[in-house]
Protein chains: 2
Amino acid sequence: MDKKWVYMFSEGDTTMRNLLGGKGSNLAEMTKIGLPVPQGYTVTTEACIEYLKDTQLTDGMISQIDANMKTLEEICNKKFGDPQDPLLVSVRSGAKFSMPGMMDTILNLGLNDVSVRGVVANTQNERFALDAYRRFIQMFGDVVLEIEHAKFEDVLDEIKNREGYEDETQLTVENLKEVVQRYKEIYLQETGNEFPQDPNEQLLMAVEAVFKSWNNNRARVYREKNNIPHDIGTAVNVQAMVFGNMGNDSGTGVAFTRNPATGENKLFGEFLINAQGEDVVAGIRTPKDIEELKDEMPDVYKEFHETSELLEKHYREMQDVEFTIEKNKLYMLQTRSGKRTAEAAIKIAVDMVKEGLITEEEALTRIEPTSLDQLLHPTFDPKALEEKEILATGLPASPGAAKGRVYFNAEDAKNAADKGEDVILVRKETSPEDIEGMYAAKGILTSTGGMTSHAAVVARGAGICCVAGCEDAKVFEDKKYFQVGDIVIKEGDDISLHGTTGDVFQGSIKTQDPVLSEDFGELMKWAVKYKTMGVYANADTPHDAATALEFGAEGIGLCRTEHMFFDEDRISSMRRMILSQTVEQRENYLAELLPMQREDFVGIFEIMLHRPVTVRLLDPPLHEFLPTKASDIEQLAADMGYTIDQLESYIRDLEEFNPMLGHRGCRLAVTYPEIAVMQTRAIIEAAIEVTKKTGVDIVPEIMIPLISMKPEMDYVYNVIKETAEKVISEKQATLNYHIGTMIEIPRATLVADKIAETAEFFSFGTNDLTQMTYGFSRDDAAKYIEDYTEKEILTSDPFASIDQEGVGQLVRIGVERGRKTKPNLKVGVCGEHGGDPASVQFFYDCDLTYVSCSPFRVPLAALAAAQAAINDK
Amino acid sequence: MDKKWVYMFSEGDTTMRNLLGGKGSNLAEMTKIGLPVPQGYTVTTEACIEYLKDTQLTDGMISQIDANMKTLEEICNKKFGDPQDPLLVSVRSGAKFSMPGMMDTILNLGLNDVSVRGVVANTQNERFALDAYRRFIQMFGDVVLEIEHAKFEDVLDEIKNREGYEDETQLTVENLKEVVQRYKEIYLQETGNEFPQDPNEQLLMAVEAVFKSWNNNRARVYREKNNIPHDIGTAVNVQAMVFGNMGNDSGTGVAFTRNPATGENKLFGEFLINAQGEDVVAGIRTPKDIEELKDEMPDVYKEFHETSELLEKHYREMQDVEFTIEKNKLYMLQTRSGKRTAEAAIKIAVDMVKEGLITEEEALTRIEPTSLDQLLHPTFDPKALEEKEILATGLPASPGAAKGRVYFNAEDAKNAADKGEDVILVRKETSPEDIEGMYAAKGILTSTGGMTSHAAVVARGAGICCVAGCEDAKVFEDKKYFQVGDIVIKEGDDISLHGTTGDVFQGSIKTQDPVLSEDFGELMKWAVKYKTMGVYANADTPHDAATALEFGAEGIGLCRTEHMFFDEDRISSMRRMILSQTVEQRENYLAELLPMQREDFVGIFEIMLHRPVTVRLLDPPLHEFLPTKASDIEQLAADMGYTIDQLESYIRDLEEFNPMLGHRGCRLAVTYPEIAVMQTRAIIEAAIEVTKKTGVDIVPEIMIPLISMKPEMDYVYNVIKETAEKVISEKQATLNYHIGTMIEIPRATLVADKIAETAEFFSFGTNDLTQMTYGFSRDDAAKYIEDYTEKEILTSDPFASIDQEGVGQLVRIGVERGRKTKPNLKVGVCGEHGGDPASVQFFYDCDLTYVSCSPFRVPLAALAAAQAAINDK
């Protein structure tokens, strides 16, 4: 027996989504629960897959379509193609996932030169019938045979001009007859065939067109981008037409069962009397608020209201529905989960839990974690945004919206901000020297660098809006302007940045500040309740630590020590230390830095108390700390008693070809163990001090960066351990502490079993791991990654969401081998991926102990972690 | 029953090397085959291991030593410590592997104040006896109790001065009595104990001292460096003394069974009449040629000659023997494999095969592959070298020796070379712009960069001596001098470079050119016969290709195309191509380059004919090709119609933070497919042309660099494929060709199964793979790798010999996964590791199809490959 290729709506339900598609399965479900749905049938996704093998409908499909049409005729008590009272149908695509780009809708299929007269006779409305016919020809020509839309529009425009009409509603019956005639001529001219008069032929052509559209370019691209498989096909829904445009007792509308902007539990929608569905969307007439239907058609409103409530209860989810009223009778045409703002999503989820409709776990899975970004950062006023044209687009490096005057160096930015200006810092790229200016800015724009460039990392950490790697903007820092094409933006000019999309605008766009609702707090409580993986924050200062705590961080997974040295009063000691030519000299300057460094840790430990704080030893190449301005170099040379030539030569000695792979991380501790000694001393002394002061046992975790082999781990471990023990015994204290390592070099994952013999914890640095596993410099990759995404070689930026196929393999290897040596090894991740939901899910699957991310991403990570745990059940 | 800790020589043989050590097992073996060996016994390596647990000889060991001493007394018919005719013994360490740093030798043990009189009585030679006694005290004090050698020497010097003696032989019996007395006083003073008079106490102290010396620092360091395990211990040999200094019927000597410098099959050695072994080495008296022994003691000579022949036949290897003649009786004291020069090693191995002594396979395994380097490159005259002091030491980047005048830029170097000067090019680092100057130089010295830096790679490829990364040399290129400490070397000054050791010398050292012997050719024939893995060369020019063929390369595994563009007549087209701002512009300049590029390939294909030639598409970041000199920039701007500002801005746009991880390799082909199109066209057109001309089917292999993912492979593959097919059809030709990829990015190894779906061959680029797997920039790593080796964190440079533990894992993964998809996938390696014997063995174990290395390393790689195949049997 042949496969069943076609299902009547009454034969399906919502569980058959794979086979019947989203739209089809929902129409079936509504039928099943007794709602007034115009009946019809669905040709399955399997038929589509089979069809695409040799782009031919099989005999079995054709005969089943035929048989189901017979059944539909019986239900509707009309005949397809009947000259007196023809059954008209709509044909719509409907894949498992909503998918723009495919063929959408053909209405009024079944009309031809004869049956159109039957409609006239039946409705007593010739204009209506002719209008339906001409719309059908146009849609069929456009959609099935890809005749240019404009060709049809030209005819309408010509007649409207000739008659002096303002809009199409003024077309007379005679005009419409002409239109139909001329549309058919266009059809003949473009296709070489007469417009098909056989409704069955029309139907099969339409079904085939839907199937074929599965493989059109736009649909393929959409699937690639959204990770939808290419082999699942689309269904086709054939449904009896109902008409909202049959007079003032008819109408059509769309509605949400709750407010999709705010989440308020109140029907929200619009309708039009005497109109077809497309008119509501087209915007020719202004639809009315759904509440007005209560007055105009109280019975219909009541039925619709009840139906909406029923649907929401049935689906246990806010619904987006379409309906048509034909001569006072309500028909439901579609229902689906309604799109909503982040704010609404949270309110709806929390309300539904309170209403007993869904569980807390369900509520958690219904929020897209990245949508929280909107709630935590300023956004543009949507109206104001609409009016603006995009000047350039870079990478969405740190979310939010910002407006302000541009400045091209940190000092100018800081000064302007001190005077109360809103400032946007614009740089080719930022470096640690720019920190103060960055913190002072509302937004940061860079022309080079990727999602994990210095600008991006610092901005996300501080919750500052940032667009990075905006290659179209040519930045001339010394001349204080940047240029996009011919447009020049000078110091003091206003621009606006959209850090969530990467868009840059000329001028100032109104922003609105975030307000966190009680519902948000409630949801976060549940997230904490259900998640099993820890969520820590990356925080380098007491201020960051406090922010992190506010957002619910359970610890600090990464406290970078390098930013601490850029304060004005520290950088000169730091520079002298770096440029010391003997160990003694270096130790002197380190002694100057020690008390400041200790103060940093005291501040952080006092805030975090019993919570884990992981301090990473100095990581960046030393060259980053050195002065570049001639005046700074002169001063420093004088201070240190060097000639300028000498100093410049020392500075040059520290330059590197590939600093990313250069003398940094633990390699500094190997060459200059005295630096690690000073940092360890500062950490341990601070921990002892805070323990004494607060009575809470501080247990610092000291993390070594850039380890690639066990002997290196052993060497630095011993330097730290000896120093720590010495300090503890000097202070006659007792203190627990842990010494662990970053796992961020490919080799480290491969020998993780050996490294774990010494290391007491692991933290994956997936930024560097991605750089080295791909061979992509995060600072240079923006240039070519753009070409890669354009050519669809890369579908996502591996610095934004972890590359599970490649880098992920190394993460798995690292975890497995580390735990082979120490089964209870604490393993976290402190790369930027800790704040990406797909990555969080992956890290959960890898059984990591915690993820650590920017403070502003903690809620997002917590939600993603909760979802991962719930998915796992 | 207790373990057997002690073996008489008569109880062992050469198979017991692990237990008895090298020296002990050979003494046992010689005893076994009936040679005249002074008898004795060996305390085992197991005893050493046991002893070191709590540094105490067990009762069992002591009683076994005792028992074996009894047996020895019986054999010698003397008593240990006997006042009339004492048995005297030597005590020597002897581990499995010869190992400097450990305690060496104590002679005359058993002498004391009483037994020395017995010796006097017995030998009728008071002077001899006293001299033996004072030597014993000195050695015992020095070696067992670590009393400073100088303290004893001071006494001798004082007496010699007082008496006006020239040397020690003038010391009278009275003098010697004084010496003995004062030595004993030193001993008491330094140790707090009287010099031990009990021979058994002397013996046990000596045995313990040998055992302890296993763990002294020098020995540990030596083992680390030579990969000798720390837990195998050393044996101790106790042997009856014989005396070569008992008169003119006695003597001592050392000999090799063949000439260790030339390999000539003729006894080679020296002897001294009336002397102890150490006198031969000490150089106080001039030894005589062993041939003279024939006249002086014909019977002894005959016996020694026969014994030597017997030993060589027995061991089937050239022996290095020590002997002593005591009153006309010959004693053999030691035999072992003799050290020899590379030249001798080859001659001996080949001769022994001809003599039927060993097989061809054995001959192959007896040559250390790296020793071939000596034969293929100029070397310093050893005498001349000895007199020179080392100025500085860098990395031994390309072997050989060179002398010449220093020049600090390529142009000056080229001009001087053109005038016939021997030139040494000195640079901070080299870049492709320096190529002509590099080729013109006899040697290259750089102050930065590692074993795979540009200078190193080019120099090895061209067989030019190179010392790289010589950090002690501060190079001032513009001022045309370099400085090591206070020594300044200016343009035109002479220096000499030792590329095999990395040493740099001031002034000129005489060099000698390599001459390849027939034996070398014979050995290489056997290598080819027994090896199973292919050996290809990296060659970029017809000239290199010809050299490669001469050295026996079976193909070209890597033909880099970038060097081709640095010729004066090409670089300007190349630069214009790079700085083009439209595709059209770029295609124009590419069209200029096409015929030149095609010529390159024609030349190479004509030489290589049917042998595989793997051409890699453009790899380096484009910035490398751009001008840096102001005059060049001006000229180029004028040529291209840009302002200087514009051109500088375009150049700046191409600068990168980490060019190694930047826009290079296949990423260029993604951004500018037109470059790959031009290169493919050049390759395919050249192949068609040479096929037509020679009638040999040329099958080019086109290799894509820096692939990290399958979609990238697919994209570039398609660009190449389409172009190739187009060219083939244009030319109406038929041509086979293959498209494959480098595997040099960690991620590529992890997804090798997917990449192999498209790629038709793999070639591991282990230079880049090492850089990224370790996170080591080859250009910057020299700085910190030095600290790493000093602190023993790294035991070898991973750029010189592949890191099997880490990088090697990725190679294995890559091969396995690639072959999972394509079981017969051709997989090679074209990194610098292809010329390192340990790496070649590793690649053999990974089942690679071939290794490819610098032409000058082909013989070495072939030998290593043959050894790998033989080891596998």
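Undergrad: Explain the side chain of Asp351 of chain B to me, using residue names and the numbers behind them.
TA: Considering the arrangement of structural elements, one finds Asp351 of chain B in helix H13 (residues 342-354). Apart from residues no more than four positions distant in its own chain, Asp351 of chain B is found in contact with Arg258 and Gly263 of chain B.

Undergrad: So, the interface of chain A and chain B: which residues are in play, and what are the values?
TA: By convention, interface size is frequently given as the accessible area that disappears when the constituent parts associate. Facing 57 residues of chain A, the contacting portion of chain B comprises 56 residues. Here chain A packs against chain B, burying approximately 5000 Å² in sum over the two surfaces, 54% of which is carbon and sulfur. When residues of chain A are sorted by the area they lose upon contact with chain B, Phe657, Leu661 and Arg747 of chain A head the list and together hold 14% of the total. Between the two partners, chain A and chain B, sit eight salt bridges. Where chain A packs against chain B, one counts 42 residue pairs in polar contact (both at pLDDT 80 or more). Taken together, the elements giving at least two residues each to the side of chain A that touches chain B come down to strand S20 (474-476), helix H25 (644-653), helix H26 (666-671), helix H28 (710-730), helix H29 (746-750), helix H31 (766-774), helix H32 (781-790) and helix H33 (807-821) of chain A. Here the side of chain A that touches chain B is composed, by residue class, of 24 nonpolar, twelve polar and 21 charged.

Undergrad: So what's going on with the sheet that holds strand S14 (residues 390-393) of chain B? Residues and values would help.
TA: All names here are of chain B. The eight strands lie next to each other as S14-S24-S23-S16-S17-S18-S19-S15, forming an open sheet whose pairing is mixed. Two strands lie at the open edges of the sheet, namely S14 and strand S15 (395-398), each paired on one side alone. For this sheet the average axis-to-axis angle between neighbouring strands, irrespective of direction, equals 30 degrees. As paired strands, S14 and strand S24 (residues 503-506) are joined by three bridges and run antiparallel to one another. Directly across from Thr393, in S24, lies its bridge partner Asp503. Of the strands in this sheet, S15, strand S18 (443-446) and strand S19 (465-468) are in contact with helix H19 (residues 454-462), which crosses S15 at around 45 degrees.

Undergrad: Can you tell me about the relation of the copies chain A and chain B, naming the residues and giving the values?
TA: Superposition record for chain A on chain B: RMSD 0.3 Å, screw rotation 179 degrees, translation along axis 0.1 Å. The transformation just described matches what one would write down for a two-fold rotation axis. Identified as the residue of chain A closest to the rotation axis by C-alpha distance is Asn658 of chain A, at 2.1 Å. Both copies present the same face, since 98% of the interface residues in chain A are matched by interface residues at the equivalent positions in chain B.

Undergrad: Got a sec to walk through the pairing of strand S8 (residues 251-256) of chain B? Specific residues and values, please.
TA: Residues and elements named next belong to chain B. The buried count for S8 comes to five of six residues, which makes it a mostly enclosed element. Pairing geometry for S8 and strand S9 (residues 268-273), over six bridges, is antiparallel. Among the inter-strand pairings, Gly251 is bridged to a residue of S9, identified as Ile273.

Rules used throughout
Residues numbered from 1 in each chain as written. Chains lettered and ligands numbered in written order. Predicted model: local features only at pLDDT ≥ 70, side-chain atom pairs only at ≥ 80, totals over all residues. Heavy atoms only, no water. Helix = DSSP H or I, 4+ residues; strand = E, 2+ residues; numbered from the N terminus. Contact = heavy atoms within 4.5 Å. Buried area = accessible area lost by both parts, 1.4 Å probe. Salt bridge = Lys/Arg side-chain N within 4 Å of Asp/Glu carboxyl O. Polar contact = N/O pair within 3.5 Å; in protein donor to acceptor, adjacent residues only side chain to side chain. Nonpolar A, V, L, I, M, F, W, Y, C, P; charged D, E, K, R; others polar. Pairing = 2+ DSSP bridges. Axes fitted to C-alpha atoms, helices over the stretch in contact; angles between N-to-C directions. Least-squares fit on C-alpha atoms with pLDDT ≥ 70 in both. Buried < 20%, exposed > 50% of the residue type's maximum accessible area, 1.4 Å probe, protein only.

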